[in-house]
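# An overview of the molecular structure
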Amino acid sequence: MYFPIGWSKSLRIPQEDPGIPVYIISNRDRSLFVILTTSSLCLWFCKPSVQIISFRRSKRSTSELGYNEKAEWRPDSSMIAVSTTKGCLIFYKVQLDDSVGNSQCIYSTKDGRKSAPKKDIGDLLSGEGIPAIKLTQVSYTAVEGGIASIICIRDELLITTKCGLLQRIKWDGSVANKTPVALNTIPFSVDLQFSRSSTLKDTHVYVSNIEYSPLLGGFAIVMSNGKAAFFTVQTVKFDAHQVQGIWAQELNDATCVAINHKYRLIAYGRENGEGVVYLIEEITGALQVSHGISVSTRDYPDVSHMAGALVILKWTPDGSAIVGSWERGGICLWSVFGALLFCSLGGEYGLSEDAFKHHSLHIRSMEWGAEGYHLWVMPETEQNQCQGQTGDDKSEQFSPSHELRGGDADLQPVPDVVFSTRKKSPLKNKVLSNTNSVNSEIKEQRLEHKENNICVVQLQFVKSALTVNACVNNGEHVFLQGEDSLYLSTGNFVANNATSNCDYQGRNAETLRTNMTSSQESVLGGKQWKVIGVPHSYLASNWPVRYVAVDKVGQHIAIAGKYGLAHYDMSSRKWKLFGNETQEKDMVVSGGLSWWKEFICLSCYNLLDQADEIRLYPKTHKLDNMFSCVTKVPSQILLLNLFHDTLIVLCADCHLMIFSLNYKAGLALPSVEIRKLQEVAIGSFVPHPASVVSITLTSLRTETVTSKVTDIEPGSESILMNVSGKLLLFQRDRSTNVQVRNSDGKVKPMPFCSPARVASSVELMWISSGRDEGKKYLLQSLWLSCGMHGMKVWLPLFPKREADKRGFLSKRIMLPFKIDIFPLAVLFEDAVILGCSNDGVCFDIRSQSDRVPFLTLERTSQIYINHILRQLLRRNLGFHALEIARCCINLPYFSHCLELLLHEVLEEEATSKEPIPDPLLPRVLAFIQEFPQFLEAVVHCARKTEVALWSYLFSTAGNPRDLFQECLNAEKFETAGSYLIILQNLEKPSISRSLTKQLLNLALENQRWNLARNLVRFLKAIDPRDIENVPPYNVPPMNKAAKPYWTPPMSPHAEDTTNPFQFTNEPVYSRRLSITEAEFLNKDYIRIKEKIKATKSDPSTLKRISPGRDVSDAILEEFCIDSVLHKHAVKLMSEYKLKDLACFASNMENYQLVGWLRHEKLKAAKVENFTQALKQLHGDFQWPYPIMTHSAFYKLNQPINNGDSMSYSTSSYQDLSLNGSRKSSSANNLEALQQPLSDFPRIGSAGNIRLKTKIPKDDSTEASDNCSTSGDQDSIEDGSCFDLVVLEQFTQELANKGPHQSEMELRFLLQIMMEGDCLEWALLIAILLCDAMSVVRVVNAACLVDTPIEVVGRMREGMSFLEFWAETECFGYKPFFQAIKGQAIQLNKIVEQNLVTSKMDHTLKSPKTSAGSSDQLNSLRVDTQSDELNENGIEDDRNTCNIS
């Protein structure tokens, strides 16, 4: 409801030695305040907060009559009565000072420059400024026995004396009743009907505190002995025989009292630091406890010892909240029914130990300002005295304007105070004026603190728009109003539209509905406030803001102050005010306002015609009465609300009036027809019209009313009325089926029956206007906020079948539940409650005189679906719970709702000290099993619960091992990983280890890399000493000749994060590899021990071993993990899944892929089927198969002249002639052959490059500039031939090339394979990329001496199979294989040389051939050289082939 915000403002009395501040009180409309000190009376104006005049008593007066103690205003603000410590009552007359020239403007603005007063600053010269007032002491009266308390009753004062008397005194000082009423003569009883009355026996007891309420018809009192009671009187004369006292039962330590007139509540403060609130029982008249007001001992322990007694209580002007103060300091705010809104005991006051002692707010008196925007607090200073100004203050200048004297009392001259009211821009988002200018105010207040102490602290507040204007639209947003700013929280929908310049009116309802649906996630999660500053041009003469309203989509805002109204458009960021200021001053909005379609609907009082009216103003036109639609009503309207196209108002004569609103289309000006439908008298159901908090029309009904109409049309079926917290439901009487018609022939609406009470202690209510059948449970429910009792939902119970509508089955049910926030809005379809809370921030730059830290607002939210499901399951209404849950299953946080449901029930039942005969946990678990989120909800709840409660949970939910297996079967591997934490604490480490290995294998197979990486860490965290029968491990021999390699980055930029897999740039060392458990032999175990000894001396290895663990155990554990990873890597390589292997290696920590490839190059990393491996690479990297152009196909199939070969087109695989020159040498052809495809010129960068097609060598054919691209006889011009060739080449290049990301990955893997000596895979990748240069590099690497011959043999055999596959299936590869034919011959030559060498070695070792070994060797070399020459000759001939 109410929330403090920003800095507190400090006010001081501009007077030398004003005395100790003792009391503060405001007049009836809270525009004037009296600050009472021991020796003076200061009269202040509320806005701006400045002193008007001060009356200082002389020393003679204070010595004779006593010091000032309390004060009281006359209802018409014409007089002030001040009580003194010596039992005297001094009367002062308050009147305008006619001696001042302009009695409405006594303060002039001075900014240091000589300039005329500005009319637009504060509007002080327009008759709305600060009045010039004079105070005159009229008389004084001595009261026998001393004054204990004083209260005003219309035209009289009721004085309670310390001798136990109650006396009435008139405002002229005369005694109204000559015989005062003695307290011990008043009869007291528990109620007014059944209990026996008795009088007080103790004559020393007196009334220490008294409050009067005309709506309750009596007085609430606190006695000096701590007892409390309520006096009921029949008349205001307060005669002894007409007074009856009613005890507040079980209350013996009362300290103070406050009455809430609107909600008919009486609040008492107690010595234990708490409060209790009573209500008057309607039948017996007894005081019944409604609720208590206190702070939670969990959040604020030992409040009674630390803060002391609750000594002051004050209700807000609208009665929706109560503020209290403790004896030892601190302030607290509760809602009307006890929900805690703010408490300063938990604030931040600095880092020192005595921070709270020095900074806590010790309050002597306090009073609410106009509309509750300010709380005037009178703190107690350490010296209990407020010193005056001792030096010149340049920030303020005082100049006397007039001086008054009277009697023995001296009146201080009225000062002209310099104050600045900067013009506020409505387009600028700000919090409050005090929060935007924090630095300037801090500097200004620190100057003040150096010279004088603070007498009054002014706290700033914002309140919910629902407190005084509970219309339907305001309940769909978190909407707060301050004295000059509005706070709106509606998500990104408003923020996005506010920055655009589009016209809101052009949007249709469907577009708005779509935008709102798409922004629901931001509504739930966003906590940013949209702060709209109210324009100063409106506030200057219409402060304070009384009513505010926002439309359904949060796009338009309307406000109403003292006069007139204004509205704001979020999209254009502009305010609209009345152009005619006279029209603005002629209307006062009285009952509220709301948005209806394109109109602002309001109720007002017309000052010109002196009549009450209902008006509608269109938002599309300027504010002017010529565009308004007006309907007069017979009496003042107190409340207003809308339901679809129906308007309902509450009048001061206790009548409800219902109107229909119909938009008139086709007219030049927007117009609305307002037609009265029905009038309902409610005088017999409400004690007073001011007790009605809110009214609304609704389609809800209880189905208990006798109805003969089977087919009921949807509409306004009922009226909901909140009367002092009691929710009444008026339903239409359907007992008869007779339709009554009006004179115009229209059917009269059905009358309403007597009301039924639905709920009590109701603060706010929300009803949805949606009609979604999929979420009918949520949209057709009534939501109630009940203060400290939490929330309630009136839920419909739809039958299982339409035919099953038995009369004894309940149609609705009221479900209460507790929440942790104060609700301000309900999102029905999203199952979320939105609220607001305060947060204090301490700044050391503030002075020690500041009592309250800087306060900020925070938007809060809470899910409520789990509370509803729990209450339904507790009442065995599982079918309805299942229906509600199914309609919310698409919510992103539905799984979290189930988790919260399970957690709350588990915590309650598992920690219960009493036996539970009917536990709810089995039903909750059975209910959650109906949804696929069951396994997640159980494990997440367990991990967030204490381990001691797990046994109780899994005794009902099932064995965690079985649940783990269900996760594996359902492929919920992440959930299964969460169960491992549970199993680690409930099972043996060996079982947990085996299950982790099982999950790790599944995670690796399904490429859940994050899970696999976490599982590896989990396995390393298990202490091997806890595992029974650790088997011996064996490690294969490491490659000692392997050298460290630096793994290059995936892309030229090392920080490129777009790659699906990345490798570290650290040195790559040979990784230890483990083998399967079947190969753990005793002889290998000896080598493990030797390796462990060597590892112990390695400091880098010891760093990775946790302290307390044996080094040998840690090494054995790591070998076991390596075996699992090794098996998976072998499996990937055997399936030719090179991309998955790369992702696997990049996601496993410290996995050295190069070392593993070196170790497995002859085992798992070899390629058995080149064709299948190449196809797998195409599929994994989404690389297209190459295609052949028409010209290339023609050249491949056209025989050349010599008949021993075929001319072919290699496109970009062979040399190209640049600028008319041709490379004819073998070396140049090889250089061109080695160029990758991407290095060739493209169309976009061709420039002056000319590509010419080679013509087959023929005697009858001459080379010319003309050529034919397809070999036919037609010739075209050279330019056209060039364009076609380049276009064909570019098209083929684009078609044969895959995604850029895949190319980067393939080239990176090519480099990795080269470093890992996996030449077979390197060759496959080079062929896939059609990169002839890479093929040459691979073949050159195969020519090295340390390359195993079996690798070269598989490469040669693989290329043969690939050539055959290209000839039969994939013709696109034929040109490339023709281009690298020489590399295939080179591989063949290497194999043949190895065979010859092996044969020669065998011959040299044979004794029979030792004699002729030299001759054979020479002949063999000659044969080899001749073969090389022949092959080179063939290659040279092929290199001279034509390119088309």
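Just so it is clear, the structure is predicted and the values come from calculations on it, not from any experiment.

This part takes up the overall build of the protein chain. Looking only at helices and strands, the protein chain features 37 helices and 62 strands. Looking at the 1444 residues of the protein chain, the share that counts as buried comes to 54%. If you take every contact in the protein chain between residues at least 6 apart in sequence, the share linking residues at least 24 apart comes to 63%. Surface summary for the protein chain: the accessible area is close to 65000 Å², and the carbon and sulfur share equals 49%.

In this section: empty space enclosed by the protein. Under the defined criterion, the tally for this structure stands at ten cavities of 30 Å³ or more. Reported here for the largest cavity is a volume of approximately 240 Å³. Lining the largest cavity we find 23 residues, and of these Leu 466, Ala 470, Cys 471, Met 765 and Trp 766 sit closest to its centre. Taken together, the elements giving at least two residues each to the lining of the largest cavity come down to strand E48 (692-698) and strand E52 (764-767). Considered class by class, the residues forming the lining of the largest cavity number 13 nonpolar, six polar and four charged.

A word on the sheet that holds strand E49 (residues 718-723). If you walk across this open sheet you meet the four strands as E48-E49-E50-E51, and the pairing is antiparallel. Looking at which strands have only one partner, the edges of the open sheet turn out to be E48 and strand E51 (756-759). Geometrically, the sheet is characterised by an average inter-axis angle of 25 degrees between neighbouring strands, direction not taken into account. Where strand E50 (residues 726-731) lies against E51, three bridges are found, and the strand directions are antiparallel. Across the sheet, the residue bridging to Leu 728 is Arg 757, located in E51.

One pass over the structure, following the stated rule, counts 41 salt bridges. Between Arg 886 and Glu 883 there is a salt bridge; the shortest N-O distance is 3.9 Å. With Arg 886 and Glu 883 both in helix H13 (residues 878-887) and three residues apart, the pair spans about one turn of that helix. On the basis of relative accessible area, Arg 886 is assigned to the partly exposed category, the value being 45%. Between Asp 1317 and Lys 1161 there is a salt bridge whose closest N-O contact spans 3.7 Å.

Attention now moves to the pairing of strand E24 (residues 310-315). Bridge count between E24 and strand E25 (residues 321-326): five bridges; the pairing is antiparallel. Residue pairing for E25: Trp 315 is matched across the bridge by Ile 322. Hairpin connection of E24 to E25: five residues between the antiparallel strands, including Gly 319 at a positive phi of 75 degrees.

Cis geometry marks the peptide bond from Lys 47 to Pro 48, where omega comes out at 0 degrees. Here Pro 48 is to be found in the loop between strand E5 (40-45) and strand E6 (50-56). For the bond running from Trp 543 to Pro 544, omega is 5 degrees, close enough to zero to count as cis. The residue Pro 544 is located in the loop between helix H9 (536-542) and strand E36 (547-550) in this model. In this structure, Arg 264 is a non-glycine residue whose phi angle is positive, near 55 degrees. In this fold, Arg 264 is placed in the loop between strand E20 (254-260) and strand E21 (265-270). By relative accessible area, Arg 264 is classed as partly exposed at 23%. Residues other than glycine seldom take positive phi values, yet Ala 831 does so here, at roughly 55 degrees.

Okay, the packing of helix H16 (residues 934-943) against helix H19 (residues 973-986) next. Between H16 and H19, the least distance of the axes is 10 Å, while the angle of their chain directions is 35 degrees. Along this stretch, H16 crosses H19, giving a crossing that reads as left-handed. Here Leu 935, Glu 936, Val 938, Val 939, His 940, Ala 942 and Arg 943 of H16 come into contact with H19, specifically with Thr 975, Ser 978, Tyr 979, Ile 981 and Ile 982. Here the contact of H16 with H19 is built from residues that sort into seven nonpolar, three polar and two charged.

Turning next to the side chain of Thr 284. Structurally, the position occupied by Thr 284 is in the loop between strand E22 (275-280) and strand E23 (287-293). Contact partners of Thr 284, with chain neighbours within four places excluded, come to Asp 191, Leu 192, Gln 193 and Phe 194.

Attention now goes to the sheet that holds strand E13 (residues 165-170). With antiparallel pairing, four strands are arranged side by side in an open sheet as E11-E12-E13-E14. The sheet is open, and its two edges are formed by strand E11 (147-153) and strand E14 (181-182), each paired on a single side.

Applying the stated criterion across every chain, the model contains 29 aromatic pairs. Note on Tyr 1373 and Phe 1377: the rings are 5.9 Å apart at their centroids and 50 degrees apart in plane angle, and the pair reads as tilted. Owing to a relative accessible area of 0%, Tyr 1373 belongs among the buried residues under this scheme. Given a relative accessible area of 5%, Phe 1377 falls into the buried group. A network of ring pairs unites the aromatic residues Tyr 1185, Trp 1365, Tyr 1373, Phe 1376 and Phe 1377 as a single cluster. Seen from the ring of Trp 247, Lys 227 lies directly overhead, with NZ or CZ sitting 5.7 Å from the centre.

Here we come to helix H14 (residues 894-910). Between its first and last C-alpha atoms H14 spans 24 Å; for 17 residues at 1.5 Å apiece the expected length is 24 Å, and the two agree. For H14, every residue scored as buried is listed here: Phe 894, Cys 897, Leu 898, Glu 899, Leu 901, Leu 902, Val 905, Leu 906 and Glu 909. Where H14 is buried, its residues contact strand E58 (854-863), helix H12 (865-874), H13, helix H15 (921-928), H16 and helix H17 (950-957).

Our focus in this paragraph is the packing of helix H31 (residues 1300-1315) against helix H33 (residues 1332-1342). At their nearest, the axes of H31 and H33 sit 12 Å apart, and the two run at 10 degrees to each other. Our classification of the angle between H31 and H33 gives roughly parallel. Where H31 approaches H33, its residues Arg 1307, Leu 1310, Gln 1311 and Met 1314 are matched on the opposing element by Ser 1334, Arg 1337, Val 1338 and Ala 1341.

Turning next to the nonpolar core. Within the largest apolar cluster, 191 residues are counted, with the highest numbers of intra-cluster contacts made by Trp 783, Phe 927, Val 938, Phe 1144, Trp 1321 and Tyr 1373. With ten residues, helix H32 (residues 1319-1329) is the single largest residue contributor to this core. Apart from the residues within four sequence positions on either side, Tyr 1373 is in contact with Leu 1174, His 1178, Pro 1186, Ile 1327, Leu 1328, Cys 1330, Trp 1365 and Ala 1366. Counting 32 residues, the second largest nonpolar core, distinct from the first, contains Cys 455, Ala 566, Tyr 568 and Trp 575.

Moving on, we get to the environment of Asn 252. Looking at the secondary structure, you find Asn 252 in the loop between strand E19 (244-247) and E20. Asn 252 has contacts with Asn 225, Gly 226 and Lys 227, leaving out every residue within four places of it along the chain.

Let us now look at the pairing of strand E57 (residues 832-841). Counting buried positions over the ten residues of E57 gives seven, a clear majority of the element. Where strand E56 (residues 823-827) lies against E57, four bridges are found, and the strand directions are antiparallel. The residue bridging Ala 825 from the neighbouring strand is Leu 834, located in E57. Pairing analysis gives ten bridges linking E57 to E58, with the strands arranged antiparallel. Residue pairing across strands places Leu 834 opposite Ser 861, the latter belonging to E58.

Attention now goes to the confidence of the model for the protein chain. Confidence in the prediction for the protein chain averages 76 pLDDT; 69% of positions are at 70 or higher. Of the regions scoring below 50 in pLDDT, residues 1200-1282 engages in 145 contacts with residues more than four places distant in sequence or in other chains.

Moving on, we come to the environment of Leu 949. Relative to the helices and strands, Leu 949 is located in the loop between H16 and H17. Residue class for Leu 949 comes out buried when judged on its relative accessible area of 7%. Through-space distance from the C-alpha of Leu 949 to that of Thr 911 is 8.3 Å; in sequence the pair is 38 residues apart. With residues near it in sequence (within four places) discarded, Leu 949 still touches Leu 906, Glu 907, Ala 910 and Thr 911.

To continue, consider the environment of Trp 326. Tracing the backbone through its elements, the reader meets Trp 326 in strand E25. Residue class for Trp 326 comes out buried when judged on its relative accessible area of 1%. Each C-alpha atom, one on Trp 326 and one on Ile 312, is 7.1 Å from the other, the two residues being 14 residues apart in sequence.

Rules and cut-offs
Residues numbered from 1 in each chain as written. Predicted model: local features only at pLDDT ≥ 70, side-chain atom pairs only at ≥ 80, totals over all residues. Heavy atoms only, no water. Helix = DSSP H or I, 4+ residues; strand = E, 2+ residues; numbered from the N terminus. Buried < 20%, exposed > 50% of the residue type's maximum accessible area, 1.4 Å probe, protein only. Contact = heavy atoms within 4.5 Å. Areas by Shrake-Rupley, 256 points an atom, 1.4 Å probe, with all protein chains shown as cover. 1 Å grid on protein atoms, 1.4 Å probe; cavity = no way out; pocket = protein on both sides within 12 Å on 5 of 7 lines; lining within 4 Å. Points joined across faces, edges and corners; volume = space filled by probe spheres on them. Nonpolar A, V, L, I, M, F, W, Y, C, P; charged D, E, K, R; others polar. Pairing = 2+ DSSP bridges. Axes fitted to C-alpha atoms, helices over the stretch in contact; angles between N-to-C directions. Salt bridge = Lys/Arg side-chain N within 4 Å of Asp/Glu carboxyl O. Left-handed = near helix turned anticlockwise from the far one by under 90°. Phe/Tyr/Trp six-rings, centres within 6.5 Å; stacked < 30°, edge-to-face > 60°. Lys NZ or Arg CZ within 6 Å of the ring centre and 35° of its normal. Expected span 1.5 Å × (residues − 1). Parallel < 35°, antiparallel > 145°, perpendicular 65-115°, else oblique. Core = buried A, V, L, I, M, F, W, Y, C linked by side-chain atoms within 4.5 Å. pLDDT = per-residue confidence, 0-100.

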